[in-house]
Amino acid sequence: MTTTALVVDDEVDLCRLMQITLTKMGIKSDVAYTLSQARTFWQDNDYDFCLTDLKLPDGSGLELVKEISNSSNIPIAVITAHGSMDLAIEALKLGAFDFVNKPLELPRLRQLVENAIKVIHQDNEVQAAPECSPEQKMLDSRLIGNSAVMHPLKNTILKLARSQAPVFLSGASGTGKEVVARLIHDLSPRRDGSFVPVNCGAIPSELMESEFFGHKKGSFTGAVADKQGLFQQANGGTLFLDEVADLPLAMQVKLLRAIQEKTVRAIGDTKEVPVDIRILSATHKDLSQLVQDGAFRQDLYYRINVIELKLPTLNARRDDIPVLADHFLAMISNDWQLESPPSLTMEACERLQRHDFAGNVRELRNLLERAVTLAETSYIDVSHLGLPDIETELVNTQEQNHSSAIDNSELLARNLENQIDVQSSNNTTAQVEQRATNLHPYRTNTNHYPSMVQHSSTSNDSLSTNVASTHAKESLLDSTAQQETSKDTSGLQELFDGQLPPQGLEHYLQEQEKQLIITALKQTGWNKTQAAELLGTTFRSLRYRMKKLEISEDAFD
């Protein structure tokens, strides 16, 4: 059966050139010069794929891309003018298969058409399959799990495999980003090409350009022979940039041009070489935050993040843990050539499902390898897993979350204090007081260290109640501390009467903080560890605040 195509462009000469090229490839084509003509052709005929310009006399080619993508699975490619990458990226997000730049290069056009034909044949094979297609079998055998979060993920992977758009894989470390990247490649029309993975953080910065783009013999000291770069090795296939956030800024500029122009130039060469690759990238870091911090180029971020695929953590798919465990145990048995494959007891399987996997799937496999090594029989029990008791693990998890929240609060406090110090050098005292009121460093969501204002107004505060009750029961404060406390209380009463502290808000807050720390230290006999626990903070934080507020035991002897 002859393949048919619809070509949409307002340039007559370019349409004739594309029609001649398609005819030589055995493809019958119809030509439309406007958006309305293209819609008429599309409604009256059946086409295998479509090639459209983005700028048409009576509308935008994006409208045609959206209409075709929503109504069918037909591959549609777009033609964009040089420098109109933003429109091309928008078309890819709307469902376009691929894009080609003007001025049109015939080798690039032929590659695009060949990839579209591969997608067509692949779709026909899927439709001809009786129940489960080969692609679905490959997906189920390599991406283990049937939990609720896995079904939409698998469907998305199948859709992404048909496209040529760059995909950004985000997720925590150990969630299987490279496994998904290989699946997208193996399910795509580029499956016959090379899949080239590269860890961007493992390449020294001075060798990065040579690794990516290659070099010519004699181009620098030590270049004793020509070398192909990773882009040339992945030509016709897929290049997977793992930990892309670790790329230095100087390399990001060069990578951006290579992705946008689809050409590379080796070090020492005088001409650029076209490459036909698909870019997949991944990182466990928050790339959008790095863009805001200036550590990652915004334009490169939008080039590689055309489509984002978020991978779930293992804690979000606990129902898959038994199936994953059986899969890994079978792999371990095969790799280690064990006589009988190991298996988990019911108690061990339940314990794994209740474990908090910080390292996700990678941690599960490492844990099972250790258990197989320690087990004396083919049955793996809870004792072989080497996991703590449930109660101990819950306590440790809560302490880690508590410590992390405090550390985040401390970091925010320091940043805000620095901002206040900078502002105070250029502003009046009243402006500083107003901004300090809005930027109180300890008024955060994770407030484990309340101020004296909260102590007076909130009777249920745990720390305030503890300090007050201990003061009432044991009477460990000396007369000087009691006088200072009553003086602070009167100061608070003045605040409630509408009077502001005469020395400024920052000085007032520091005095309250200092008094709380001294109170806790005296109650614990100047034991800093116990005082930190009493205040609900860390030893490191307490030591930092004591140094900042000039609190020492010698001064109170």
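Refer to the preceding data block for the structure.
What comes next is a walk through the structure. Please read these numbers as outputs of a predicted model, since none were measured by experiment. (Residues numbered from 1 in each chain as written. Predicted model: local features only at pLDDT ≥ 70, side-chain atom pairs only at ≥ 80, totals over all residues. Heavy atoms only, no water.)

## Here's the deal with unusual backbone geometry
(1) Moving on: A cis amide bond links Lys 102 to the next residue, Pro 103, at an omega of 0°.
(2) Moving on: Checked against the element boundaries, Pro 103 lands in the loop between β7 (98-101) and α5 (106-128).
(3) Moving on: Positive phi is not limited to glycine here, since Gln 337 has a value of about 55°.
(4) Moving on: Mapped onto the elements, Gln 337 comes out in the loop between α14 (321-336) and β17 (343-344).
(5) Moving on: With relative accessibility at 71%, the residue Gln 337 sits in the exposed group. (Helix = DSSP H or I, 4+ residues; strand = E, 2+ residues; numbered from the N terminus. Buried < 20%, exposed > 50% of the residue type's maximum accessible area, 1.4 Å probe, protein only.)

## Quick notes on helix α15 (residues 346-353)
(1) Moving on: Three or more residues of α15 are buried, namely Ala 348, Cys 349, Arg 351 and Leu 352. End-on view of α15: buried residues confined to an arc of 160°, all on one side of the axis. (Arc of directions from axis to C-beta.)

## Focus on the nonpolar core
(1) Moving on: Ranked by internal contacts, the top residues of the largest apolar core, which has 32 residues, are Phe 212, Phe 231, Leu 239, Leu 241, Leu 287 and Phe 296.
(2) Moving on: Sorting the residues of this core by element identifies β9 (195-199), α9 (208-213), α10 (230-233), β12 (238-242), α11 (249-261), α12 (287-293) and α13 (298-304) as the ones contributing at least two each.
(3) Moving on: Per-element accounting of this core gives the leading share, 5 residues, to α11.
(4) Moving on: Residues within four places of Leu 287 in sequence aside, it is in contact with Phe 168, Val 244, Ala 245, Phe 296, Tyr 301 and Ile 304. (Core = buried A, V, L, I, M, F, W, Y, C linked by side-chain atoms within 4.5 Å. Contact = heavy atoms within 4.5 Å.)

## Considerations on the packing of aromatic side chains
(1) Moving on: Following the criterion strictly, the structure yields 6 aromatic pairs and no others.
(2) Moving on: On the basis of an interplanar angle of 50° and a centroid distance of 6.3 Å, the ring pair of Phe 212 and Phe 213 is categorised as tilted.
(3) Moving on: Judged by its relative accessible area of 5%, Phe 213 falls in the buried class.
(4) Moving on: A network of ring pairs unites the aromatic residues Phe 212, Phe 213 and Phe 231 as a single cluster. (Phe/Tyr/Trp six-rings, centres within 6.5 Å; stacked < 30°, edge-to-face > 60°.)

## Some details on the sheet that holds β7
(1) Moving on: A sheet is described by the order of its strands in space; here 5 strands give the open sequence β2-β1-β3-β6-β7, paired in parallel fashion. The open sheet has two edge strands, β2 (27-32) and β7, and neither has a second partner. Across the sheet, the axes of successive neighbouring strands diverge by a mean angle of 20°, strand direction being ignored.
(2) Moving on: Strand direction decides the pairing type here: strand β1 (residues 3-8) and β2, joined by 6 bridges, are parallel. Within β2, the residue paired with Val 8 across the bridge is Ala 32.
(3) Moving on: Its contacts with the sheet place helix α3 (residues 61-71) against β1, β3 (49-53) and β6 (76-80), and it is angled at close to 160° to β3. (Pairing = 2+ DSSP bridges. Axes fitted to C-alpha atoms, helices over the stretch in contact; angles between N-to-C directions.)

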